[in-house]
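If you want the building blocks of each chain, they are given just below.
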Amino acid sequence: MNYDETYDAAIIGGGLAGLTLAINLGKKGFKVILIEKETYPFHKVCGEYISLESWQYLLSLGLPLNQMNLPIIKRLQVTASNGKELQQELPLGGFGISRYTIDNSLKEIAIQSGVTVIENCKATEVSFKDDQFFITTINGIINSRVCCGSFGKRSNIDIKWKRNFTQRSPNKLNNFIAVKYHISTDHPSDLISLHNFENGYCGISRIEDDKYCLCYLTNAANLSSCNNSIEEMELKILGRNPHLKKIFSNSTKLYDSALSISQISFEKKSSVENHVIMVGDAAGLITPLCGNGMSMAMHAGKIAAENIKDFLDKKISRSGFEKKYTAEWAENFETRLKTGRLVQRFFGKSRVTNIFISIMKLFPSVTKMIIRKTHGEVF
């Protein structure tokens, strides 16, 4: 493919943040290219619960959510590893949809919006020279005036740049693995459940087509102690929670094998790196137990699009644009991430989790406050 032309914006990574950002810029009339290393549609390790704060935004981009018969989730259930549970109405609520479906739908909308979408193409390096970006890919070099990183939780570019979070020694915030299945099971369609076990927790909620997403997070030590066998870990460690034991015993896994990712970090990240605008998990990853990562990713994409437009329209300098985006990102998301990191410390150790859930049962206002602190307003 000929990459001789210069794009207004190049976006590395076609997840929710990258796709919604691309659509937003495409609809504004800018020349946009999106680079995705996979081929749509594909599955991703993800909880697949989206806060309703992003519903109207997705509609505005052209996603026909009202016609997709998606489950609306209004209640939260949290259980301790000993089986003790609490339930709480969700102030705003959310909806369930698989990444397989939503990402592919947004890709089609991006193309309709004039975005050039390059699939099965890996970006290997980004350089900035003479106020222009040069993105090296396996297919050639792409030039752009703005570059955005939407390359997920951890990428080869993160490691090559030696971003701070990649240099940390293993600790309580950066040595996690995640495992996901789609399952067929019996579970209320309006309920998202968060089941704790030793050194981890597992979420389950309904998505489209009467399927359920089951996704859990744990540390690498748990897997290592079970001979690096996911099945053995689910039996010996997750199965100690009676709720999880019942789910694994009475469900049908719809994948041939589990999807998994490793080396997940919740450490603080920068929202601008080497003049590249970071969105989604590349800018900061909220703990999955907060259930708000996907909405945050799309909201960050919207904020980025507004700032990129001002820069491309020459209303603001590059340094001013980068400072403004950094400030707006922090204003909208920094408190949520801090709260998520704090709450993360109360989950995973059986005794601490059991006590924390007992307190939350006695004081429902604490649960409501935590939910509010980890979620935003409709954007």
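Residues numbered from 1 in each chain as written. Predicted model: local features only at pLDDT ≥ 70, side-chain atom pairs only at ≥ 80, totals over all residues. Heavy atoms only, no water.

**Here's the deal with unusual backbone geometry**
Residue P41 is reached from Y40 by a cis peptide bond, and omega for that bond is -10 degrees. By secondary structure assignment, the location of P41 is in the loop between β2 (32–35) and β3 (49–51). Residues other than glycine seldom take positive phi values, yet E48 does so here, at roughly 60 degrees. The phi angle at N227 is positive, at roughly 60 degrees, despite the residue not being glycine. Within the secondary structure layout, N227 lies in the loop between α5 (220–225) and α6 (230–236). (Helix = DSSP H or I, 4+ residues; strand = E, 2+ residues; numbered from the N terminus.)

**Points about empty space enclosed by the protein**
In this approach, a probe sized like a water molecule rolls over the atoms, and the result shows the empty space that is left. Evaluated as defined, the whole model comprises one cavity of 30 Å³ or more. Approximately 50 Å³ is the volume attributed to the largest cavity. Contributing to the lining of the largest cavity are G280, D281, G284, L285, I286, G293, M296, A297, A300, W329 and F333. Residue assignment for the lining of the largest cavity shows that the elements contributing at least two residues are α8 (293–312) and α9 (318–344). Looking at the lining of the largest cavity, the element that brings in the most residues is α8, giving four residues. (1 Å grid on protein atoms, 1.4 Å probe; cavity = no way out; pocket = protein on both sides within 12 Å on 5 of 7 lines; lining within 4 Å. Points joined across faces, edges and corners; volume = space filled by probe spheres on them.)

**Here we look at the packing of helix α10 (residues 350–362) against helix α11 (residues 364–373)**
The interhelical angle for the contact between α10 and α11, taken along N-to-C directions, is 105 degrees, at an axis separation of 4 Å. By the angle between their directions, the pair α10 and α11 is classed as roughly perpendicular. Together, F356, M360, K361 and L362 of α10 and P364, T367 and I370 of α11 make up the contact between the two elements. Classifying every residue of the contact of α10 with α11 by side-chain character gives five nonpolar, one polar and one charged. (Axes fitted to C-alpha atoms, helices over the stretch in contact; angles between N-to-C directions. Parallel < 35°, antiparallel > 145°, perpendicular 65-115°, else oblique. Contact = heavy atoms within 4.5 Å. Nonpolar A, V, L, I, M, F, W, Y, C, P; charged D, E, K, R; others polar.)

**Here's the deal with the pattern of salt bridges**
Pairing between side chains of opposite charge can happen when the charged atoms of each approach one another. Counted by the stated rule, this structure contains 18 salt bridges. Here R145 and D8 are joined by a salt bridge, their closest N and O atoms 3.6 Å apart. With R145 in strand β9 (residues 140–149) and D8 in strand β1 (residues 6–12), this pair connects stretches of sequence that are 137 residues apart. Relative accessible area serves as the criterion here: at 29%, R145 is assigned to the partly exposed category. For K309, the salt bridge identified is with D313, shortest N-O distance 2.8 Å. You can call D313 partly exposed: its relative accessible area is 33%. Taken together, the salt bridges that share partners define one network made up of K44, R99 and D103. (Salt bridge = Lys/Arg side-chain N within 4 Å of Asp/Glu carboxyl O. Buried < 20%, exposed > 50% of the residue type's maximum accessible area, 1.4 Å probe, protein only.)

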